[in-house]
Amino acid sequence: MKIVICGAGQVGYGIAESLAGERNDVSVIDTSPALIANVRENLDAKGIVGHGAFPDILAEAGAAEADMLIAVTLHDEVNMVACQVAHSLFNVPTKIARIRSQAYLQPHWQDLFSTDHMPIDVVISPEIEVAQMVLRRIALPGAVDTVRFSEGSISLIAIECGEDCPVLGTPLGQLSELFPDLGATVVGVLRDGAIFIPNAVDVLYAGDLAYVIVEQSQVRRTLTIFGHEEPDAGRIVIAGGGNVGMSVAMEMESRNLASRLRLVEADGARALLAADKLKRTIVLQGSALDPTILREAEIGESDLMVSLTNDDQINVLSSAMAKRLGAKSNLALINSPTFQDLAKHLGIDAVLNPRSVTISRILQHVRRGRIRAVHSVQNGMAEVIEAEALETSPLVGQPLRELDIPDGMRIGAVTRNGVFIRPTGQTRIRPKDRVVLFVRSDTVRQVEQFFRVSLEFF
């Protein structure tokens, strides 16, 4: 595919890295010479210094031959105009734009991005995506990461294996014998900074992060088997009353997810706005780094501290401070890869990566064919993909054990007519089955070839 990306920041670079690594023809535009130099030096992609909405810059990037334009600059208006220019002057078939301001996304303005007005095929709102991810984490204590597939009937959960994890040292193949009715499969393991696809004789060690694809009704039981029986968080403190924090608080109120909710916001005007909109949440104005404010929010009796400000350092430090002041657990929004690597050592239980969330949503629309969902894992080290099998597929008909499946791929679940199937060596995929796959990044090209007919995969 020929793809033009406007914006070479964390999200744009991450998308370019993923797509260029799969041998797509990628051009990246940014006004920053330093960011474009980074693209040219490290990626197999064309880098262009310029304004992403200017026709001559888009022409230089190859927009006339492009299959897709992805606009992810820091400015909504640049992203919107870039899509308009790509449509009006270059007839680019698919346009994706990141829109951060909620003013553009109100339901009564939903026709704004139609073909007759502002022709954007897919609108990505990082704030909305991140807020939904926060809510899923809050609703599922014990999971480091969680994403749903197949209309919510299947979940991917990332589970940290502690010293007291009951399944440590047990060959993974024996888990199905010990729990024959458990609809769960360990599809990937993060160990010492690297992801591998485990086989039946592999065992888990303390410190491993296990990625498990599981039937939704079995999620709680699976967490218990892995030694996680954390109670639901009833007393929660949110640091940050911006778009993400407000979205989370308002949704928590509507779902009754917390028996006691506090929100801390440093900006006076924003705190007043939050107090006006939130009906059952106590809003405190002050810094989340001020121990006095945190104590006023009763942090010592809280089950969870959620740090969602726009500053990574504040999120990291406030989360660590909350733990020291008595909070049972914490969750921090962190953009910087450096801080993400340090988070565990600083006493942070779980990290939200907005870059990964946004890239996952965009990749879902980049993948061609019968792709239903994509989730990027560990900054692109792997992907979880839900796809629909076609009749002509070599995947269809034969038992899975007879297929030449790449080592870097694992089928974690199959749904057939809405019914969950835990795959075994005897399982036969049928046409129209939904298949949920865990794919290591260095195997994506092999997977592309393997599924070139079956799923029209890429």
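Residues numbered from 1 in each chain as written. Predicted model: local features only at pLDDT ≥ 70, side-chain atom pairs only at ≥ 80, totals over all residues. Heavy atoms only, no water.

Details of the overall build of the chain
Right, on to step 1. Across its full length, the chain holds 14 helices and 22 strands.
Right, on to step 2. In terms of C-alpha radius of gyration, the chain reaches 23 Å, essentially the compact-globule figure of 23 Å for 458 residues.
Right, on to step 3. Seen along its three principal axes, the alpha-carbon backbone of the chain occupies a region of about 60 × 60 × 40 Å.
Right, on to step 4. Residue pairs at least 24 apart in sequence account for 65% of intrachain contacts in the chain once pairs closer than 6 positions are excluded.
Right, on to step 5. For the chain, the exposed area adds up to about 19900 Å²; of that, 49% sits on carbon and sulfur atoms. (Helix = DSSP H or I, 4+ residues; strand = E, 2+ residues; numbered from the N terminus. Rg over C-alpha atoms; globule rule 2.2 N^0.38 Å. Contact = heavy atoms within 4.5 Å. Areas by Shrake-Rupley, 256 points an atom, 1.4 Å probe, with all protein chains shown as cover.)

Observations regarding the domain arrangement of the chain
Right, on to step 1. In terms of domain boundaries, the chain breaks down into domain 1 (2-124), domain 2 (130-226), domain 3 (239-352) and domain 4 (357-450).
Right, on to step 2. When each unit is reduced to the centre of its C-alpha atoms, the spacing between domain 2 and domain 4 is 18 Å.
Right, on to step 3. Across the contact, 30 residues belong to domain 2 and 23 residues belong to domain 4.
Right, on to step 4. Three residues, Phe-149, Ile-195 and Ile-197, lead the burial of domain 2 against domain 4; their summed loss comes to 28% of the area buried on that side.
Right, on to step 5. Our enumeration of links across domain 2 and domain 4 arrives at one salt bridge. (Domains from an automatic or database assignment. Buried area = accessible area lost by both parts, 1.4 Å probe. Salt bridge = Lys/Arg side-chain N within 4 Å of Asp/Glu carboxyl O.)

A look at helix α1 (residues 10-21)
Since the α-helix advances by 3.6 residues per turn, residues separated by three or four positions end up pointing in the same direction.
Right, on to step 1. With twelve residues, α1 ought to run about 16 Å at 1.5 Å a step, and its terminal C-alpha atoms sit 16 Å apart, in line with that.
Right, on to step 2. Along α1, nine of the twelve residues are buried, which leaves the element largely enclosed by surrounding structure.
Right, on to step 3. Every buried residue of α1 is listed here: Val-11, Gly-12, Tyr-13, Gly-14, Ile-15, Ala-16, Ser-18, Leu-19 and Ala-20.
Right, on to step 4. Arg-23, located one to two residues past α1, shows a positive phi value of around 70°. (Expected span 1.5 Å × (residues − 1). Buried < 20%, exposed > 50% of the residue type's maximum accessible area, 1.4 Å probe, protein only.)

Re the sheet that holds strand β21 (residues 419-421)
Right, on to step 1. Taken together, five strands build an open sheet; the order of strands is β18-β19-β22-β20-β21 and the sheet is antiparallel. At either end of the open sheet lies a strand with only one pairing partner, and these are β18 (371-377) and β21. Averaged over neighbouring strand pairs, the angle between their axes works out to 20° when direction is ignored.
Right, on to step 2. For strand β19 (residues 382-388) and strand β22 (residues 434-440), the ladder comprises seven bridges, and the chain directions are antiparallel. If you follow Ile-385 over to β22, its bridge partner there is Leu-437.
Right, on to step 3. Contacts from helix α13 (residues 354-366) reach β18 and β19, with the element oriented near 155° to β18. (Pairing = 2+ DSSP bridges. Axes fitted to C-alpha atoms, helices over the stretch in contact; angles between N-to-C directions.)

So, the sheet that holds strand β11 (residues 209-215)
Right, on to step 1. Taken together, the five strands give an open sheet; going across it, the order is β7-β8-β11-β9-β10, and neighbouring strands pair in antiparallel fashion. Across the chains shown, the open sheet's two edge strands, defined by having one partner strand only, are β7 (145-149) and β10 (194-196). Between one strand axis and the next, the sheet turns by 20° as a mean value, whatever way the strands run.
Right, on to step 2. Of the pairings in the sheet, the one linking strand β9 (residues 184-191) to β10 comprises three bridges and is antiparallel in character. Across the sheet, Leu-190 pairs through a bridge with Ile-195, a residue of β10.

Side note on the nonpolar core
Right, on to step 1. Core analysis: the largest hydrophobic core is formed by 47 residues, its most contacted members being Val-134, Tyr-211, Ile-236, Ile-238, Val-248, Val-306 and Phe-438.
Right, on to step 2. Those residues in contact with Val-134 that sit more than four places away from it in its chain are Val-248, Val-306, Leu-308, Leu-331 and Leu-352.
Right, on to step 3. Counting residues in hydrophobic clusters, the runner-up holds 29 residues, among them Ile-15, Val-26, Val-39 and Ile-362. (Core = buried A, V, L, I, M, F, W, Y, C linked by side-chain atoms within 4.5 Å.)

Description of helix α4 (residues 76-90)
Right, on to step 1. With 15 residues, α4 ought to run about 21 Å at 1.5 Å a step, and its terminal C-alpha atoms sit 20 Å apart, in line with that.
Right, on to step 2. By the burial criterion, the buried members of α4 are Asp-76, Val-78, Asn-79, Met-80, Ala-82, Cys-83, Val-85, Ala-86 and Phe-90.
Right, on to step 3. Buried positions along α4 lie against β1 (2-6), α3 (55-60), β4 (68-71) and β5 (94-98).
Right, on to step 4. Where α4 ends, the next residue or the one after it, Asn-91, has phi of about 55°, a positive value.

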